[in-house]
Structures are given as C-alpha cells and as structure tokens.
Amino acid sequence: MGNMIEYIKMALKNITANKGRSFLTMLGIIIGISSVIMVMAVGDGTANAMNSEVEDLGTGQINVYCSEEASNAEEWITPEDLTAIRESIEGVDGITPNDGASGTTITGKGEFALSFSAGTEDLQKALNFNLKRGAYFTAADVEEGNRVCVISDSDAKRLFGSDDVVGMDIDVTIGGIAGSYRIVGVTQQKENTSFISYTYEGMPVALDVPYTSFEIFGWKSDSFYSAVVFANDKASSEDVVREMIHLLETRHQCAGEDYFQIQSFQDMLAEMNNMLAIVTTFISCVAAISLVVGGIGVMNIMLVSVTERTREIGIRKSLGAKTSSILMQFLAEAAILTILGGIIGILLGLLGAVGACKLMTASMGSTIYPGVKASTILGATLFSCGIGVFFGIYPARKAAKLSPIEALRRN
Amino acid sequence: MDNLIKVQDMCKVYNPGENEVRALDHVNLEIQRGEFVAIIGHSGSGKSTLMNMLGCLDVPTSGSYYLNGKDVSALNDNQLSEIRNQEIGFIFQGFNLISNLTAIENVELPLIYRGIGRSKRHKLAKEALVRVGLEKRMDHKPSEMSGGQQQRVAIARAIAAEPPVILADEPTGNLDSASTEEIMGILKGLHEAGRSVILITHDNEIADQAKRVVRILDGKIVEDYYNSGRKAQEA
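In this text the structure is predicted, and so the values were computed from the model without any measurement.

A. Spotlight on the overall build of chain B. Scanning chain B from terminus to terminus reveals seven helices and ten strands. Counting over 235 residues, chain B shows a buried share of 47%. The contacts of chain B with a sequence gap of at least 6 include a subset with a gap of at least 24, amounting to 67%.

Here it is, written out as structure tokens:
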C-alpha cells in the first residue's frame, strides 16, 4: 500500500489521457453539487434577508382583531379599550387602531385613488419608512381630529411632481363628500423592505391620517375591527397578549368567548420561515437526486472504463500487480474524478448563487447575500467523495478480481 | 545442481466431470538455471496451459511446481502476483504494452509493483531499453513504434527487474521475418548473458534456435532433447 502515490499518478494519467470521458463522468457530479450549493445558498440568503427585514420592523408588533363571534355579537374594539390597554398593561409602548378609508383626489397630474391608513400617532411605529421632511402627526392632532396627513416621497411626486410638499393641502373626496388634508410629513422607504412593502403601478396613493379625522365625511371612528399593539423589548409578548386579552374580555364581559384574536409578527415570521424551509427542502431533494444520478453516472463510466481496460488489467496483473493494487488504482481514479467534480461544482454553485442573488437583488430592491454555510459545502463535498468511492468500488472490485489469463484473453 | 523449475506430476483439468478437458496430463519437467528451452506444440496441445502454469498465471489441479526453490502450486492470488513480479519476465505474442504509456513507462511498470523508488526505477528501465537498442525511442508510445520495436520494449520490460525466468509466449508470432530474427537475436543474447529463457512456440524453425526442445502433445511431454541431437534427460 506504500505505493499510493504511484496509484494516484496512474489514475491521473488515465484521467488526462481520456479527457472527454473524464469530463462526462464529472459532469453529473458537477451539476449535482453546484445545484445543491446554489439552492441552499439562495434559499438561506433569502431567508436571512426576510428575517432581518421582518425583525427590523415587526419585533414586538402584535395584531389584535375581533373574531367572527365578536362581529356577530356586535362587539368591537373601542377607543376606550385602546386607552385602557395603553395605560394599564406594562410593556406596551403604543397602540393604534387599524382603520382605514379610501377616496380620490384630483391634482394637476390627474385623478388618483387614495388609501387612508388611519390610527393614532403610534401608527408611525409600524412604518416601513423613515421621515424625510416635516413631522408625523401628533397625539394632539388625534385628540382634536385634525385633518393632517403623512405621505411618501414617491406618492408626493406622483401627485405634485415634487416631494417638497409639507404644508400643502390635498383636496380629497371620501364617500362623495369633499374635504382637504394638510400634509405635515413626507416619508421615504427604508432600504431592504421590498418583501413587506412592495409597490406597483397604479397603486392607490397612501396617506397616514389620525383616525379621528373622518368626522366631516360623515362617520365617527368609535369602533374598530383590529388594532396594533407595540410591545417593548422588556416585556415578553406572551405576557402582553395574555393581559390584553384578559383586559378586553373583562371590559366587554365576554370571558371565554374567544371574541378577540391575536396575531403577532413572530407568528408570521415563523410561518414564512416554515414555508421557505419547505421550498428549500423540496428543491434540495431535487438537487440531491441529481447528485445521486451523477454518482450513478460515475459508476457507469467506471464500469465502461473497466470493461474497456480489461486487457490492461490483465497486463498489469501478469506483471505482478496485486488485486489490491488494481483496486487502489481504480478507486483513486473514481475519487479524483469526484473530488475534482466536487471542487468545480462548489465553485460553479457559489458563482451561480452570487449571480442569482444579484438578479434577485436587482429585481426586488432588497439586498440578498448568498447564505453559504460551511456545512453545506462540507456536506456536498463529502457526499460527492462518498459517491465516488462507493460507486467506484463495485467496478474496481470487478476489475481487480479478474484472473490475469481471462483478462489477457479479451481484446 | 539446483533446479530453476521443477514440475512434478502436474495435471490441469478444465470442466471437471463428464466433459472434462485434461489440458495437462501428469507432466514432469525440470529446467536448470541458464537454460534456453523451447516448448513446442500445436495449438490445443497444452503448451499454453503449461506456459500459464510456469508463469504462475494459473494454478494446477494437481501436482507440484517448484520455482526457484519455492513451492508455488498452492499459492493464493496475491502471492502469485508477487511471484510473477519477482521471478518471471513475460514476453507475449501480442506485446501487451499499455497503449497510453510511453516505452519507458511501460518498462517501469513491474518495477513500480515491486516498490522500487522513482529514480532507481528510471535508471533500471533506461538500462533495459538501451540493452534492446531502443535508447532513442524511450518516450514514444506503442502506437508510434513498429511491431519489432514494440516487442523489444516488451523484452526490456521483462528483463528490467532481472527476474530469474524469462517466459516468452510466441514472441515472434506477430512479426515479419526481419523482426523475428532481431527478436530471436536478443533472446539468444540474453541466454548467452546467463539468463534462463523459456520460449513457447509452434514453429519448428524457432524451436531449433533454442538449446533444448520440449515437445508437448495432448497434454503430455512426448519429446525432450538438446538441439545438438542427444537426449537430455528422462522426462
């Protein structure tokens, strides 16, 4: 066995002497490994990007909403409920109803649909935006029912051709009744939020307004289907949820009726990750199959190579090669082919992953870095070597065990 | 005098049972060190089987075979490989060179399996090629050489490791008359340099060039004589 270097040299000689065949053998392994690595890297990169985005925005954000039973019983969340929650539950930083309305406006640029997000000043905590100009509307605006609004820079440009619009009025029509809102703030989209806040052509212009500002349009905001609670880091969100539900059920005298339901951002995150994991697993399975197929390709080529070289095996044996020598030579050949294929596969996979992430980054606006894990590379490489050795053993043994006379007789 | 080869009562039976073929039938043969022996017979006479036995490519069904003082009739596959590597240099009718290796790489092969280091191996292989007159063709592949040259590479391969026995199986069977003469000249030269050469052939003219002729027919040795005419020994 001390001749390992010689066997490796022989194997290398054979590989280089049959370049076409060697390449075809490696091709399966290359495709298999590169697809595994690419899928894993892009999958993990996407998951990481989504996670960091959601974590940025949604930590401590809890949605509370009324169930069907509550609607049937005409029980809604009231402004008094909100005040109570804000004042009596520890760890609540803010609360806003999740209200809204739609309307239209006509400016010099044409007619636009409007979508109002109505809430308290705490609504800004839910934003995926940074303030660019002016200020957000205040508690006093909410208290007094002022018709003030906050608009995004891109929407401002759509309406007025400029984002320097603080102090300007927007004439709106809601439910056939006209009124006007004064712009107090302009926002700008945060980086890397494209998973959560995507935009499209013809989307309504979005305005954030105090929920109390709809009175002149003929309705009073005193009951809400849902609200968003912002819990701070110090409080565990489970505690906040439990206390909040208890408080609401006490106030509405409906304990045990399941009128109020909770959806936290953590739940959504977990759900999203689950889905992503399923997709990644599925694609990985497909990639793993291609890896196995690649391994079988190696075995087939090795079998052919053994058959083609039976005479050579006979010559070697007649010159004193032992069964183990022949075995080592063929195994070395299989191992070198798969390791080489593995390395090329890893490089191509990484390149592919970087390329795919660039493409996704360009098309989605969110920066995705390929999430390459050492364990993926190590696993894929070990797997490919394992395949090479495993699928190399059978033909190699077959070759090595041939009697020299029989092997020499064949042509 | 010590026997290089001593075959006693050797039998080889293929397909034992009703359709058995007795390729070798109680063969006895002794060959001394330094002899030049031709084993001659028609095809099917058993000469190839005898050559496989002498070359340790196969094991006999019964009987014993002492090669260079060792009983090799009951060795396993690995031990036979070792014996072939240490004791025997093969020369085949079809040359049996490995096509993607150069002449010198082919000559080095048995030395690799013997575990000889790179530089010494290279030196031995070079010497052997020089001895067969191929010093200018060392880096040629078999496909770039004539049949006679290829067979000379094969001879160099057989003698590079200085094995006690050189076993040539129809070495001139695929060659024209000029090359045949050349190869026979080299074999005779090896014998004169003190090597033991065993030549298997069906050709009386070739056999006549050896010192001793052993004729085999139907698996039995029927004649064994020195070319000077007198009977060598009792078979």
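B. Structural view of the overall build of chain A. Secondary structure assignment for chain A yields twelve helices and eleven strands. Expressed as a percentage of its 411 residues, the buried residues of chain A come to 40%. Here the analysis covers contacts within chain A between residues at least 6 apart in sequence; of these, 81% occur between residues at least 24 apart.

C. Representation of the sheet that holds strand β7 (residues 165-169) of chain B within the structure. All names here are of chain B. In space, the six strands of this open sheet follow the order β6-β7-β8-β3-β9-β10, with mixed pairing throughout. The open sheet has two edge strands with one neighbour each: β6 (88-91) and β10 (220-226). Neighbour-to-neighbour, the strand axes of this sheet turn through a mean angle of 20 degrees, independent of strand direction. Bridge analysis of strand β3 (residues 36-40) against strand β8 (residues 196-201) gives five bridges, and the strand direction is parallel. Counterpart to A38 in the pairing with β8 is L199.

D. How the structure looks around the interface of chain A and chain B. Facing 19 residues of chain A, the contacting portion of chain B comprises 19 residues. Put simply, the parts of the chain that give the side of chain A that touches chain B at least two residues each are α1 (4-17), α9 (310-318), α10 (323-364) and α12 (404-409) of chain A. At five residues, the largest contribution of residues to the side of chain A that touches chain B is made by α9(A). Considering only residue class, the side of chain A that touches chain B consists of seven nonpolar, six polar and six charged.

E. Inspection of the nonpolar core at higher detail. Counting 122 residues, the largest nonpolar core has I37(A), A156(B), I198(B) and L199(B) as its most contacted members. By residue number, the principal contributor to this core is helix α2 (residues 19-58) of chain A, which donates 13 residues. Among all residues touching I37(A), those that are not within four sequence positions of it are I346(A), G349(A), L350(A), A353(A), T376(A), I377(A) and A380(A). A118(A), V148(A), V165(A) and V209(A) belong to the second largest nonpolar core, which has 24 residues in total.

F. The sheet that holds strand β2 (residues 92-97) of chain A, seen in detail. All names here are of chain A. Spatially, the four strands line up as an open sheet ordered β2-β10-β1-β11, and their pairing is antiparallel. Of all strands in the sheet, those with a lone pairing partner are β2 and β11 (260-264), marking the two edges. Pairwise comparison of adjacent strand axes, ignoring direction, gives a mean angle of 20 degrees for this sheet. Sheet topology note: the strand β1 (residues 61-66)/strand β10 (residues 226-231) ladder contains five bridges and is antiparallel. Paired with V64 across the bridge in β10 is A227. Sheet contacts for helix α7 (residues 237-252): β1, β2, β10 and β11; angle to β11, the most-contacted strand, approximately 160 degrees.

G. Region of interest: helix α6 (residues 153-160) of chain A. All names here are of chain A. For α6, the set of buried residues is D155, A156 and L159. The buried residues of α6 all sit within an arc of 105 degrees when viewed along its axis, so they share a single face. Where α6 is buried, its residues meet β3 (99-107), β4 (110-119), β6 (148-152), β8 (177-189) and β9 (205-210). At the exit of α6 stands G161, carrying a positive phi of roughly 80 degrees.

H. Structural view of the packing of helix α3 (residues 103-114) of chain B against helix α5 (residues 147-160) of chain B. All names here are of chain B. At a minimum axis separation of 8 Å, α3 and α5 run at an interaxial angle of 30 degrees. Classified by the interaxial angle, the pair formed by α3 and α5 is roughly parallel. In this structure, the crossing between α3 and α5 has a hand that is right-handed. Contacts from A103, N106, V107, L109, P110 and L111 in α3 reach V153, A156, R157 and A160 in α5. Of the residues belonging to the contact of α3 with α5, the class tally is eight nonpolar, one polar and one charged.

I. Examining the pairing of β2(A) more closely. Residues and elements named next belong to chain A. β2 sits mainly inside the fold: five of its six residues count as buried. For β2 and β10, the ladder comprises five bridges, and the chain directions are antiparallel. When the sheet's bridge partners are listed, G94 is paired in β10 with F230.

J. Fine view of the pairing of β1(A). For β1(A) and β11(A), the ladder comprises five bridges, and the chain directions are antiparallel. Counterpart to C66(A) in the pairing with β11(A) is F260(A).

K. Layout of the environment of G386(A). Mapped onto the elements, G386(A) comes out in helix α11 (residues 374-400). Residues G386(A) and T338(A) lie 48 residues apart in sequence; the distance between their C-alpha atoms is 8.7 Å.

L. A look at the environment of E215(A). All names here are of chain A. Along the polypeptide, E215 turns up in the loop between β9 and β10. Assessed through the 12 C-beta atoms surrounding it within 10 Å, E215 is described here as exposed. Contacts of E215, omitting those with residues within four sequence positions, involve G145 and K220.

M. Up close: α7(A). The terminal C-alpha atoms of α7(A) lie 22 Å apart, and with 16 residues this matches the ideal 22 Å at 1.5 Å per residue to within 8%. The first or second residue beyond α7(A) is Q253(A), which carries a positive phi of 50 degrees.

N. Representation of the packing of helix α4 (residues 79-88) of chain A against α7(A). All names here are of chain A. Here α4 crosses α7 at 140 degrees, and the two axes come no closer than 11 Å. Judged by the inter-axis angle, α4 sits oblique to α7. In this structure, α4 crosses over α7, and the sense of that crossing is right-handed. Seen from α4, the contacting residues are D81, A84, I85 and S88; seen from α7, they are M244, L247, L248 and R251. Here the contact of α4 with α7 is composed, by residue class, of five nonpolar, one polar and two charged.

Rules behind the numbers
Residues numbered from 1 in each chain as written. Chains lettered and ligands numbered in written order. Predicted model: local features only at pLDDT ≥ 70, side-chain atom pairs only at ≥ 80, totals over all residues. Helix = DSSP H or I, 4+ residues; strand = E, 2+ residues; numbered from the N terminus. Buried ≥ 20, exposed ≤ 12 C-beta atoms within 10 Å, placed from the backbone. Contact = placed C-beta atoms within 7 Å. Pairing = 2+ DSSP bridges. Axes fitted to C-alpha atoms, helices over the stretch in contact; angles between N-to-C directions. Nonpolar A, V, L, I, M, F, W, Y, C, P; charged D, E, K, R; others polar. Core = buried A, V, L, I, M, F, W, Y, C linked by C-beta atoms within 7 Å. Arc of directions from axis to C-beta. Parallel < 35°, antiparallel > 145°, perpendicular 65-115°, else oblique. Left-handed = near helix turned anticlockwise from the far one by under 90°. Expected span 1.5 Å × (residues − 1).

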